[in-house]
Amino acid sequence: LDINGIFNCFEVAVLPECPAATNIKQKMVELGAQAAMMSGSGPSVFGIFDSLTGAKSAALELRKSGYRAFWCELAR
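Throughout this description, residue numbers start from 1 for each chain and increase along the sequence as written. It should be noted that, the model being predicted, local features are given only for residues of pLDDT at least 70 and side-chain atom pairs only at 80 or more, the latter also being counted only at that level, while totals for whole chains, interfaces and linings use all residues. By convention in this description, side-chain values take in all heavy atoms of the structure and omit both hydrogens and water.

## Comments concerning the overall build of the chain
Alright, step 1. Secondary structure follows DSSP: runs of H or I at least 4 residues long count as helices, runs of E at least 2 residues long count as strands, and numbering of each begins at the N terminus. A count of helices and strands for the chain gives three helices and two strands.
Alright, step 2. Listing every helix and strand of the chain by position from the N terminus yields α-α-β-β-α.
Alright, step 3. For 76 residues, the compact-globule formula gives about 11 Å, and the C-alpha radius of gyration of the chain, at 12 Å, lands near that figure.
Alright, step 4. The principal-axis extents of the C-alpha atoms in the chain amount to approximately 30 × 30 × 20 Å.
Alright, step 5. Summary of the burial criterion: residues with accessible area below 20% of their type's maximum are buried, those above 50% are exposed, and those between are partly exposed, where the area comes from a 1.4 Å probe applied to protein chains only. Put simply, the chain has 76 residues, and 29% of those count as buried.
Alright, step 6. Throughout, a contact is declared for two residues whenever any of their heavy atoms are within 4.5 Å. Pairs at least 24 residues apart make up 38% of the contacts formed inside the chain by residues separated by at least 6 positions.
Alright, step 7. Summed over all atoms, the accessible surface of the chain reaches about 5,400 Å², with 55% contributed by carbon and sulfur. Atoms considered for the radius of gyration are the C-alpha atoms alone. The globule rule reads 2.2 Å times the number of residues to the power 0.38. The accessible surface values rely on the Shrake-Rupley method and a 1.4 Å probe; as for residues, cover is taken only from the protein chains in view.

Here you go:
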């Protein structure tokens, strides 16, 4: 999965006003996400992981921190 060049132009305006989204992005990367980004105009955030196991583990850790977190798998 090529993650180079993905971006969300709304992050520049939204993230300074929504520290929770910034924290979630940072935590996802710390938990092994190849990339984390705000979805649409926010404040939802998603992470891209190497494996389903990594995504599940990160979601469980985010839940422990009080966030609503889910994982999904890319259909192939």
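## What to know about the pattern of salt bridges
Should their charged atoms come close, side chains of opposite charge can pair.
Alright, step 1. Salt bridges, as used here, are contacts in which a Lys or Arg side-chain nitrogen is within 4 Å of a carboxyl oxygen on Asp or Glu. Tallying each qualifying case throughout the model produces two salt bridges.
Alright, step 2. Across the pair glutamate 11 and lysine 25 runs a salt bridge whose closest N-O atoms are separated by 2.9 Å. Of the two residues, glutamate 11 is situated in helix α1 (residues 11–14) and lysine 25 in helix α2 (residues 19–30); the sequence distance between them amounts to 14 residues.

## Some thoughts on α2
Alright, step 1. A helix is expected to reach a length of 1.5 Å times the quantity of its residues less one. With twelve residues, α2 extends 16 Å between its outermost C-alpha atoms, agreeing within 8% with the 16 Å of an ideal straight helix rising 1.5 Å per residue.
Alright, step 2. Looking at α2, one finds that the buried residues are Ala21, Ile24, Lys25 and Met28. The buried side chains of α2 occupy one side of the element, clustering within an arc of 100° when seen end-on. Of the exposed residues in α2, the ones pointing more than 90 degrees away from its buried face are Pro19 and Glu30.
Alright, step 3. Elements in contact with the buried residues of α2: α1, β1 (35–38), β2 (45–48) and α3 (52–64). This arc describes the spread of directions from the helix axis toward the C-beta atoms.

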